[in-house]
Amino acid sequence: MNITKKEDNLFVDWNKKYKDAFVKDGVPCPEEYENAKIKITYILKDPNKFDVDGIEYGRDMRRWIYEDAAEGQGITWNNITRWTKAILDVDCMDYPHLITSDDRYMWLRKISFMNLKKANGVTRANPNEIKNYAANDADLIIKQLSIYQPDIIICCGLELVGNILHDVVFMHNEEDTWREDYCNTYPGCYYFYTQIPGKKKKTAVLNCYHPQYTRFNEAIFNGIKSVTPKILS
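Below or above, wherever it landed, is the structure these notes cover. Fair warning: this is a prediction, and the values are worked out from it, not measured in the lab.

Let's shift gears to the packing of aromatic side chains. A complete count under the given rule lists 17 aromatic pairs for this structure. For the ring pair W64 and W77, a centre distance of 5.9 Å and an interplane angle of 90 degrees mean the geometry is edge-to-face. Residue W64 is found in helix α3 (residues 61-68), and its partner W77 is found in helix α4 (residues 74-88); the two are separated by 13 residues along the sequence. Both residues of the pair, W64 and W77, belong to the buried class. With centroids separated by 5.6 Å and ring planes inclined at 55 degrees, the aromatic side chains of Y209 and F216 adopt a geometry described as tilted. Overall, Y209 belongs to the buried group, its relative accessible area being 18%. One aromatic cluster in this structure is built from F11, W14, Y18, F22 and Y133. Directly above the ring of Y33 sits K39, whose terminal nitrogen or CZ lies 6.0 Å from the centroid.

Structural data, given as structure tokens:
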């Protein structure tokens, strides 16, 4: 069974909890994701008003990325494109200032991505609401991650997404706390390891600023490029 079929099977019952407000996420292009040398899953807070009426893309963010390369949300997905390039492109040594739609088409097809809350949100998330959704859906979030078997999870939001993943979804204890080895050099690059069901090796979970936070764009890119091979070794 291919990835998309596994996702859609999982989403059938999940959708019922949302009373048809459910927005699909996941893997835009299963073939390219499977062939990526490092499997990356980005986790965000919510779809942020994606396809509000459900007409254009059928409430399916996978289609939006595959067909239109995340057109219309440039800051977020341009930075996710940069971060993916930082991890997968060994020839990319310098920060890519210009990201084109062709860049997004190329690199966003190599990833998986998930929202903690799978219904449209607002630009500024209500932390308690996101936390409650994640708590209620924790078992399903883990099942979705088990489909992807990621080598690394990138948390798109330092204190919100990362902490919810660690404390609420995975429910790690103090022995599995965030590690801060690289934070003095690369701001925000906390990480920990978690065991994804069905995966032999533990998955690295890297904290990161939200991709719309542009103040440290180049520093974040350099941090992800430098830290990722170290925590995957």
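Packed helices, taken two at a time, are described by the angle between their axes plus the distance between the axes. Where helix α6 (residues 127-136) meets helix α7 (residues 138-148), the axes come as close as 4 Å, and the angle between the chain directions of the two elements is 70 degrees. Comparing the axis directions of α6 and α7 gives the class roughly perpendicular. In this structure, α6 uses A134, A135 and N136 to contact α7, whose residues at the interface are A138, D139 and I141. Here the residues of the contact of α6 with α7 are counted per class, giving 4 nonpolar, 1 polar and 1 charged.

Mapping T76 onto the fold places it in helix α4. At 3.2 Å, the side chain of T76 and the side chain of Q212 are in polar contact. Residue contacts for T76: discarding those within four places in its chain leaves L44, H210, P211 and Q212.

Pairing between side chains of opposite charge can happen when their charged atoms approach one another. Enumeration according to the criterion identifies 14 salt bridges in this entry. A salt bridge links E7 to R62; the shortest N-O distance between them is 2.5 Å. Of this pair, E7 sits in helix α1 (residues 3-17) while R62 is found in helix α3, placing the two residues 55 residues apart along the sequence.

Here the focus is unusual backbone geometry. With a phi close to 55 degrees, R59 is a non-glycine residue in the positive phi region. Checked against the element boundaries, R59 lands in the loop between β1 (40-44) and α3. Despite not being glycine, Q149 has its phi angle at roughly 50 degrees, a positive value. You can see Q149 is positioned in the loop between α7 and β3 (152-156). Q149 sits in the partly exposed class, given a relative accessible area of 22%.

What counts, and at which threshold
- Residues numbered from 1 in each chain as written.
- Predicted model: local features only at pLDDT ≥ 70, side-chain atom pairs only at ≥ 80, totals over all residues.
- Heavy atoms only, no water.
- Phe/Tyr/Trp six-rings, centres within 6.5 Å; stacked < 30°, edge-to-face > 60°.
- Helix = DSSP H or I, 4+ residues; strand = E, 2+ residues; numbered from the N terminus.
- Buried < 20%, exposed > 50% of the residue type's maximum accessible area, 1.4 Å probe, protein only.
- Lys NZ or Arg CZ within 6 Å of the ring centre and 35° of its normal.
- Axes fitted to C-alpha atoms, helices over the stretch in contact; angles between N-to-C directions.
- Parallel < 35°, antiparallel > 145°, perpendicular 65-115°, else oblique.
- Contact = heavy atoms within 4.5 Å.
- Nonpolar A, V, L, I, M, F, W, Y, C, P; charged D, E, K, R; others polar.
- Polar contact = N/O pair within 3.5 Å; in protein donor to acceptor, adjacent residues only side chain to side chain.
- Salt bridge = Lys/Arg side-chain N within 4 Å of Asp/Glu carboxyl O.

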